[in-house]
Each structure stands twice: as structure tokens, then as C-alpha cells.
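Residue strings, one per chain:
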Protein chains: 2
Amino acid sequence: MQGSEIKKGELALTANATLTPAAMGFLAGMGITDVMVFPPPAVTIIITGNELQNPGQPLAYGQVYDSNSFALTAALQQNGIRQIKVVTVPDVLDQLTDALQQALELSDLVLLTGGVSVGDYDFVLEAATRCGITTRFHKIKQRPGKPLFFGTEASKLVFGLPGNPSSVLTCFYMYVLPAIIAMSSKQYGLLEKQVPLSKSYRKAAGLTHFLKGYYDGNTVLPLGAQESYRMRSFAAANCLIEIEEQVTDCIEGTMVNIHLLPVE
Amino acid sequence: MQGSEIKKGELALTANATLTPAAMGFLAGMGITDVMVFPPPAVTIIITGNELQNPGQPLAYGQVYDSNSFALTAALQQNGIRQIKVVTVPDVLDQLTDALQQALELSDLVLLTGGVSVGDYDFVLEAATRCGITTRFHKIKQRPGKPLFFGTEASKLVFGLPGNPSSVLTCFYMYVLPAIIAMSSKQYGLLEKQVPLSKSYRKAAGLTHFLKGYYDGNTVLPLGAQESYRMRSFAAANCLIEIEEQVTDCIEGTMVNIHLLPVE
């Protein structure tokens, strides 16, 4: 019946509404073929580190396989991002500066991995300064991901992620993904839930801990292998458990905040 | 340190583990470049209905715009499916039978829309029989989506979805998506939650109702425009509220089961 879905002149969708499958069906049903959208951000990933080797190649002494480019690319794709460029740069300040400058020109969002601590070869902060990036914060009271860097240059966002794979992905979910959601004017990020911890966890006060966890629908279990260079438990995790800064003994049954990871 | 992530000979990931971004990082970190995966199913969508017109074209008397192909394609893409073929077929038994036969040859999963009631032009059941499809069920005590058909032919799955857009998408989320999850050996589907209803809802006993709802993090609101031909509230919904078959008065504050829709 004419006018039964919506009256002439009525608002169909509010500005900034998410174009879900239902919203697309709704618009198509009214014969609408073109809408203005926020494009998902174009992203450049800059992988730093002289010690990195590509999977499939033999490892020389002191080398490790690059895994961050693969994990980050998959995480970006899972969140609807299609324009992803991966650049590998040695630990040389000039080269890193050039790569970062190019990335700022081509992308809305730049993710660097490695080089944000204050070691001899940690050139990210210096390169960021040379590119005119304003530091918004550097270092956070958290584990993993303590050396996290965030800066901006005009509308461009730059995250300097630590080099350890588990830190990279934790910082992605807790900081980068919320930024992407905001840049895309989406309304939701990771789903949070308060659930009971199924196994006690102890830590020193002073840092927020993000633990790889497995939520079975009732309780959440902090998995083993929580070190930031290890990915084994992350591969089995379906959530990150947030244990607050000042907490030391988190006993079994305590309600904790979990961030459910996307499942595609 | 050599062997600190995993010992030689140890199992890295169990069979059927989901290849999350973390799992990909974990495998890459061990230098692994090739893994066996379950490919996502190839899908054919068969749109039936003489009354359908493409958005962008003028509507003749009695015509409505096809919206189901757009909503279903978007919903499939959002769930990682890339091989999607859309076929439009008039309400002619022979043509529908041919299209269905071809779809069974090319795809793992076939979705038909329209033609599953028992009207004069509802040929899906007859075409399914002619193609050797075994009926697993037809008609469910639910609203929307009462005429839903499900059949199988060897390993192929066939869903006959009702023609109304809101029924199509509700049946997609409640039946088709769980089937896709199972076919892909994934471990999770839509997240369910028990939350209080923020506005009373009345219905007759006899059918399970799936209501378009908006969950604000605390309570869930059943939206207006719940008719199965309307998509307006679906476009604003972030969950489906399940009100059980025998329930009649569901008063404000009652705990109800909600199925959170994917947000990509």
C-alpha cells in the first residue's frame, strides 16, 4: 500500500546512521540507489625492525618472523577496511621519516609497529616530530602496550604501536579500533560485558592489565601465555579482560569487564 | 628466546580453530605461510516475484522495488562471504526449477526469496521437489517468517525465505547465519543476552515473535513498524528480541532474550 512504509517528506534515516544490511534493504525498497557515505579510512601499516624476516624464509641468527603485518591486516579487513598498504622499513631514521611522510599523504590512519620505546633504535618519536605530528600521548599505565604513542597531523591519526605481537593487537582492539569506529561515524565498537572471573589473577598495582581471555557464555577464564611477545593464548582468546590499575588480587568470582573480540 | 612461544612438536592450533587476526599473527610468527581452511560457502540468491522492479527504475502499478537482494548480499558480505550470485526469476515453475538446479550445481547454499506460501504463484516447494531436494521443514510457529522452508540435497542447503523484506532478514539472522557459521566450522554466531524490556509488548499465544529492537546497553526497546513488509525499524534496530511462543503479556522490566546483530 502506498505510503505504508514511510510518508512523503518524512526522514528515512538520520544522518550518521550505520548502513546495515537492513538499512540497505530499507533504502532499496524505496527505490533509492545512491547515498552519501563516510568511506572507511585508508590505512598504512609501517613495520619497523631490522630483525624481521618474512614467513616462508629461513631465519638467520637474531631474526624473528614478522607477524604484525598479517595480524593487523586481518583485523582491519575484519572491520570493513579495504585500503591497506603495508610498508617495511629498516631502523634508519631518514627512511622511517620518509615512509611516515608518504603514509600521511596517502592515508587517513597510520599504524607503526616497533620503535616506540626509548631504545637506541626507537626512531618513531623522532620521525613523528620531523613530520610535524603533534604528540597526543606517549606511554600508558597498562600492560601490554605501555610504550603506546598517539599523535595527529591535521585530520590524520598516527598510532605508534609497540613491537611485540600481543601488544600490537591488544592496542589495536583497545585504541585503534575505537578510533576507526569514530572516523567511520559508526555507533558501536567492541561489546563490553561484566562477567565473573573463573580463575584468580594476581598483579602488582600501577598498571591496567588487558588479559587474553576465553568467555564461555557464563564466566571468563584468563588464559596462559600472557607475555606480550607471545600470541598463543591470543589465538585461542575471544575477549580481552580488563583488570584495573589499582587492583592487585582479583579472586575467582569477581566481576570483571570484558571486551568481546569481533568474530567476523 | 627459542622455544619460548611453543615447543617443537606441540600442537599450535586445534583443528577447526577460527583463523582470527590473532591466530594469523600466531601462525605467521612461527613462519607458517600455508594452512588448510574451510572456505566460506558459495551462495546463490534466487529472487522470485513478477512484481519486483530494480531500484532506480520507475514503478509501474502493482510493482515494488526489490530490496531483498541488496539486504541479503550485504548481510552475507558482512559475514565474510565473497562468492555471491544473485539471480532474478519470474514466477514460472520451469524457470524457477532451472534456476534452482543451476544454483545447486554452483553453490553450497541457496537462498530463495518469495514463493514459499501456498498461493497460486508459490512455486518454490514444487521446484524443490523437482530438483530432488529433501524437505527438512516447512512453516514455523513464528512471526515474521512463518512460511520458512528448509531443504537439503546431498551437502547443499536450501532456504526458502518468505518474500517480505523484514521476514527475509529475520530468517537470515535466526536460521541462515547459524547454518553458515556451522558450514564454516566457526565457533560463534550472534551474541545473545538476557536484558529487561523497556516497554510492554502484547501478542497472542501460538507464535514466537522476533521483534526489531534497540538495545541501549541497559534495556531493550521494541521498535515500531514491526510488520513483515516494513524495513524502517529494522534499519534502526541493533538486535532482535525473542518473545516466546506461549507468552502473551510481556510487561516492562521482564527479562527477554535478545540476539545482537553484527555491526561489522
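Residues numbered from 1 in each chain as written. Chains lettered and ligands numbered in written order. Predicted model: local features only at pLDDT ≥ 70, side-chain atom pairs only at ≥ 80, totals over all residues.

Scanning chain A for helices and strands turns up six helices and 16 strands. Expressed along its principal axes, the backbone C-alpha trace of chain A runs to roughly 70 × 50 × 35 Å. (Helix = DSSP H or I, 4+ residues; strand = E, 2+ residues; numbered from the N terminus.)

Each partner contributes residues to the interface: chain B has 44 residues there, and chain A has 44 residues. Elements represented by at least two residues in the side of chain B that touches chain A include exactly α1 (21-29), α2 (68-78), α5 (165-183) and α6 (232-236) of chain B. A breakdown of the residues in the side of chain B that touches chain A according to their chemical character gives 28 nonpolar, eleven polar and five charged. (Contact = placed C-beta atoms within 7 Å. Nonpolar A, V, L, I, M, F, W, Y, C, P; charged D, E, K, R; others polar.)

Looking now at the domain arrangement of chain A. All names here are of chain A. Here the domain parsing of chain A yields domain 1 (43-183) and domain 2 (192-260). Taken residue by residue, the interface counts 13 residues in domain 1 and 13 residues in domain 2. No other element matches helix α5 (residues 165-183), which puts seven residues into the side of domain 1 that touches domain 2. (Domains from an automatic or database assignment.)

Turning to the relation of the copies chain B and chain A, a few remarks are in order. Overlay of chain B on chain A (RMSD 0.0 Å): rotation 180 degrees, translation along the axis 0.0 Å. The relationship between the two copies is best expressed as a two-fold rotation axis. (Least-squares fit on C-alpha atoms with pLDDT ≥ 70 in both.)

Moving on, we get to the sheet that holds strand β1 (residues 43-48) of chain A. Residue and element names in this part refer to chain A. Taken in spatial order, the six strands of this open sheet run β4-β1-β5-β9-β8-β6, and their pairing is mixed. What marks the edges here is a single partner per strand, and that holds for β4 (84-89) and β6 (134-138). Each neighbouring strand pair of the sheet contributes to a mean axis angle of 15 degrees, computed without reference to strand direction. As paired strands, β6 and strand β8 (residues 149-153) are joined by four bridges and run antiparallel to one another. Its bridge partner being in β8, H138 is matched across the sheet by F149. Packing of helix α2 (residues 68-78) onto the sheet brings it into contact with β1, β4 and β5 (109-113), and relative to β1 it is tilted by some 165 degrees. (Pairing = 2+ DSSP bridges. Axes fitted to C-alpha atoms, helices over the stretch in contact; angles between N-to-C directions.)

Next up on the list: α5 of chain A. Bending of α5 of chain A peaks at approximately 45 degrees at the position of F172 of chain A. A positive phi of about 50 degrees marks S185 of chain A, the residue just after α5 of chain A. (Bend = angle between axes of the 7 residues up to and from the residue.)

Another point: the pairing of strand β12 (residues 208-215) of chain A. Residues and elements named next belong to chain A. For strand β7 (residues 142-143) and β12, the ladder comprises two bridges, and the chain directions are parallel. What sits directly across from R143, in β12, is H209. As paired strands, β12 and strand β14 (residues 239-243) are joined by five bridges and run antiparallel to one another. Residue pairing for β14: L211 is matched across the bridge by I241.

The N-to-C vectors of helix α1 (residues 21-29) of chain A and α2 of chain B enclose an angle of 165 degrees; their axes lie 8 Å apart at closest approach. The angle between α1 of chain A and α2 of chain B falls in the class roughly antiparallel. For the element pair α1 of chain A and α2 of chain B, the recorded crossing hand is right-handed. Two secondary-structure elements touch here, α1 of chain A through P21, A22, M24, G25 and A28 of chain A and α2 of chain B through N68, F70, A71, A74, A75 and Q78 of chain B. (Parallel < 35°, antiparallel > 145°, perpendicular 65-115°, else oblique. Left-handed = near helix turned anticlockwise from the far one by under 90°.)

Turning our eyes to something else, we now look at the pairing of strand β16 (residues 255-260) of chain A. Residue and element names in this part refer to chain A. Here strand β10 (residues 192-196) runs beside β16; their pairing, made up of five bridges, is antiparallel. Its bridge partner being in β16, E192 is matched across the sheet by H259. Where β14 and β16 come together, four bridges link them in antiparallel fashion. Looking at β16, one finds that E242 is bridged to N257.

Attention shifts here to the sheet that holds strand β9 (residues 156-161) of chain B. Residue and element names in this part refer to chain B. Taken together, the six strands give an open sheet; going across it, the order is β4-β1-β5-β9-β8-β6, and neighbouring strands pair in mixed fashion. At either margin of the open sheet sits one strand with a lone partner, and together these are β4 (84-89) and β6 (134-138). Here the strands of the sheet are splayed against their neighbours by 15 degrees on average, with no regard to which way each runs. For strand β1 (residues 43-48) and strand β5 (residues 109-113), the ladder comprises five bridges, and the chain directions are parallel.

Attention now moves to unusual backbone geometry. Residue and element names in this part refer to chain A. P144 follows R143 through a cis peptide bond whose omega is -5 degrees. Of note, P144 is situated in the loop between β7 and β8. You will see that A154, though not glycine, has its phi angle at about 50 degrees, which is positive. Assignment of secondary structure puts A154 in the loop between β8 and β9 (156-161). Exposure remark for A154: the 8 C-beta atoms within 10 Å place this residue in the exposed category. (Buried ≥ 20, exposed ≤ 12 C-beta atoms within 10 Å, placed from the backbone.)

As a further point, take the confidence of the model for chain A. Residue and element names in this part refer to chain A. Per-residue confidence for chain A gives a mean pLDDT of 92, with 97% of residues at or over 70. When mean pLDDT is taken per element in chain A, β8 scores highest with 98 and helix α6 (residues 232-236) scores lowest with 90. As scored by the predictor, the complex reaches a pTM of 0.84 and an ipTM of 0.89. (pLDDT = per-residue confidence, 0-100.)

With that out of the way, let us pick up the packing of α2 of chain A against α5 of chain A. Residues and elements named next belong to chain A. Running from amino to carboxyl end, α2 crosses α5 at an angle of 20 degrees, the nearest separation of the two axes being 10 Å. In terms of orientation, α2 and α5 fall into the roughly parallel class. Once α2 is placed against α5, the crossing between them reads as right-handed. Residues N68, A71, L72 and A75 of α2 pack against P165, V168, L169 and F172 of α5. Its residues placed into classes, the contact of α2 with α5 shows seven nonpolar, one polar and no charged.

Quick look at the environment of L72 of chain A now. Mapping L72 of chain A onto the fold places it in helix α2. A C-alpha to C-alpha distance of 9.7 Å links L72 of chain A and I84 of chain A, two positions twelve residues apart in sequence.

With that settled, consider the environment of M183 of chain B. Counting through the fold element by element, M183 of chain B comes out in helix α5. The spacing of M183 of chain B and L109 of chain B is 74 residues in sequence and 9.4 Å in space, taken between C-alpha atoms.

This part takes up α2 of chain B. Working note: α-helix, 3.6 residues per turn, so residues spaced by three or four point in the same direction. Burial within α2 of chain B is extensive, with eight of its eleven residues counted as buried. The inward-facing, buried residues of α2 of chain B contact α1 of chain A together with β1, β4, β5 and α5 of chain B.

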